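Residue-level structural notes
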Amino acid sequence: IVLAGIPTEVSLFLMRLSASGRGFCRGYLNETQDVFLDGHVRAFEYFGGVPGTVSYDNLKSAVTKVLKGRDRIESDRFVAMRSHYGFESWFCQPGEDGAHEKGGVEGEVGRFRRNHLVPVPHVATMGELNELIEAAMAADDARFIAHRRITVGEHFELEAPALLPLPAEPFDATRLSSHRVDTKSRVCVRQAHYSVPARYVRRRLDVRVGAEIIEVLDGATIVARHRRGRKGDEVLALDHYLDVMVRKPGALPSSTPLARARACGAFTDAHQRFWDQARRRLGDRNGTKALIDVLLGHRTIPAQAVVAGLNAALGIGSVDAEVVLIEARRSAENSVAPVIPIGTHRGFDRPEPTIDRYDELLEGNA
């Protein structure tokens, strides 16, 4: 695919029901056991049930050792997931002997890609890609397989009662691990780096690793949440470095977190216009500090409201961060106090002052 303007190779998880031919598909940036397990969880939810037996080749996410015949030593997490849903696993013979044993799903991968992912999709995010895939899956319910007289969707209605019921809760496909924060305020997970707030430098934090999301935890508190990157990626949030840049505003213009924020659209044209005006009127240092004060406002005010506050402040020619934040809060609240006519609440009005008895105080008669 072309992801945010960059040609990117992605992987498809695909599960196909043998009777109806109904398939589930989802795109992922990685090929890991977390993705493999997450695909199962999503597929079973999509089907509304669990097949009694699922066929596999001998992929490492499920198998740690191939034994004689069809016996396998399965990985612990795969066994946990399989036990959670109560289905049996059936493994193909290795090599050419088993090449024909899983032809239905192998052929479905090629069919799905040719019919729905050609020409190459251009998407901004993986979420957008998976929305296209979901629409394609819905369209496939209306297709016919070979010489069948009913559609895939109609056949699935006949097959669905044979599926095992879903458990009360889905299987947790995430993995918890511990990582040390480096001097650049990052944790390294599967050879990708993710930023955390600068106050955690050199501390050890827990990381919940999912197929698509990485969460960094301080105890039970989530201190950072990122989309999952690939090997060699550096996923940084500008907000995590603002507490340092308050003291060192000169570091902001050439910083990598700022470049990442521009690339993902978090740092908008409104931010840039405010920064340009602030530096022009207040100087580089003070103008940058004004921008940082605005960026800190993102912690408590929605991003759209902050952008509205920036536009409102620029509209009146102000580069005061407080003005921006006031306008942002007003936009977030989206409400204006009603105008109360004078005299409406006469019971709370104070009487006009009088000095009639001032002379009496001077004479001491009061």
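Below is a summary of the structure that appears in this document.

Cut-offs used in this document
- Residues numbered from 1 in each chain as written.
- Predicted model: local features only at pLDDT ≥ 70, side-chain atom pairs only at ≥ 80, totals over all residues.
- Heavy atoms only, no water.
- Axes fitted to C-alpha atoms, helices over the stretch in contact; angles between N-to-C directions.
- Helix = DSSP H or I, 4+ residues; strand = E, 2+ residues; numbered from the N terminus.
- Parallel < 35°, antiparallel > 145°, perpendicular 65-115°, else oblique.
- Contact = heavy atoms within 4.5 Å.
- Nonpolar A, V, L, I, M, F, W, Y, C, P; charged D, E, K, R; others polar.
- Core = buried A, V, L, I, M, F, W, Y, C linked by side-chain atoms within 4.5 Å.
- Buried < 20%, exposed > 50% of the residue type's maximum accessible area, 1.4 Å probe, protein only.
- Pairing = 2+ DSSP bridges.
- Phe/Tyr/Trp six-rings, centres within 6.5 Å; stacked < 30°, edge-to-face > 60°.
- Lys NZ or Arg CZ within 6 Å of the ring centre and 35° of its normal.

1. Description of the packing of helix α1 (residues 33–47) against helix α2 (residues 76–85)
Interaxial distance between α1 and α2 falls to 11 Å at its minimum, and their mutual angle equals 10 degrees. In terms of orientation, α1 lies roughly parallel with respect to α2. In this structure, α1 contributes Gln33, Asp34, Phe36, Leu37, His40, Val41 and Phe44 to the contact, and α2 contributes Arg77, Phe78, Met81 and Tyr85. Classifying every residue of the contact of α1 with α2 gives 7 nonpolar, 2 polar and 2 charged.

2. Side note on the nonpolar core
If you look at the biggest cluster of nonpolar residues, it comprises 41 residues, and the most contacted ones within it are Phe47, Met81, Tyr85 and Phe87. Breaking this core down by element, the ones donating at least two residues are β3 (11–16), β4 (23–28), α1, β5 (53–56), α2, α3 (103–116) and α4 (126–140). Considering each element in turn, this core owes the most residues, 7 residues, to α1. Every residue in contact with Phe47, bar those within four places of it in the chain, is listed here: Met15, Leu17, Arg22, Gly23, Phe24, Phe156 and Leu163. Counting 29 residues, the second-largest nonpolar core is a separate cluster that includes Leu242, Val294, Val319 and Ala321.

3. Comments concerning the sheet that holds strand β2 (residues 6–7)
Taken together, 3 strands build an open sheet; the order of strands is β2-β1-β9 and the sheet is mixed. Whereas interior strands pair on both sides, the edge strands pair on one side only; in this sheet they are β2 and β9 (122–123).

4. A few points about the packing of aromatic side chains
The full count for this structure, using the stated rule, is 11 aromatic pairs. With centroids separated by 5.8 Å and ring planes inclined at 35 degrees, the aromatic side chains of Tyr56 and Phe91 adopt a geometry described as tilted. Of this pair, Tyr56 sits in strand β5 while Phe91 sits in strand β8 (residues 88–91), and the two are 35 residues apart along the sequence. As far as the burial class goes, Tyr56 and Phe91 line up, both buried. Note that Arg22 overlies the ring of Phe156, its terminal NZ or CZ placed 4.4 Å from the centroid.

From the geometry alone we can't say anything about function, so treat these as descriptive.
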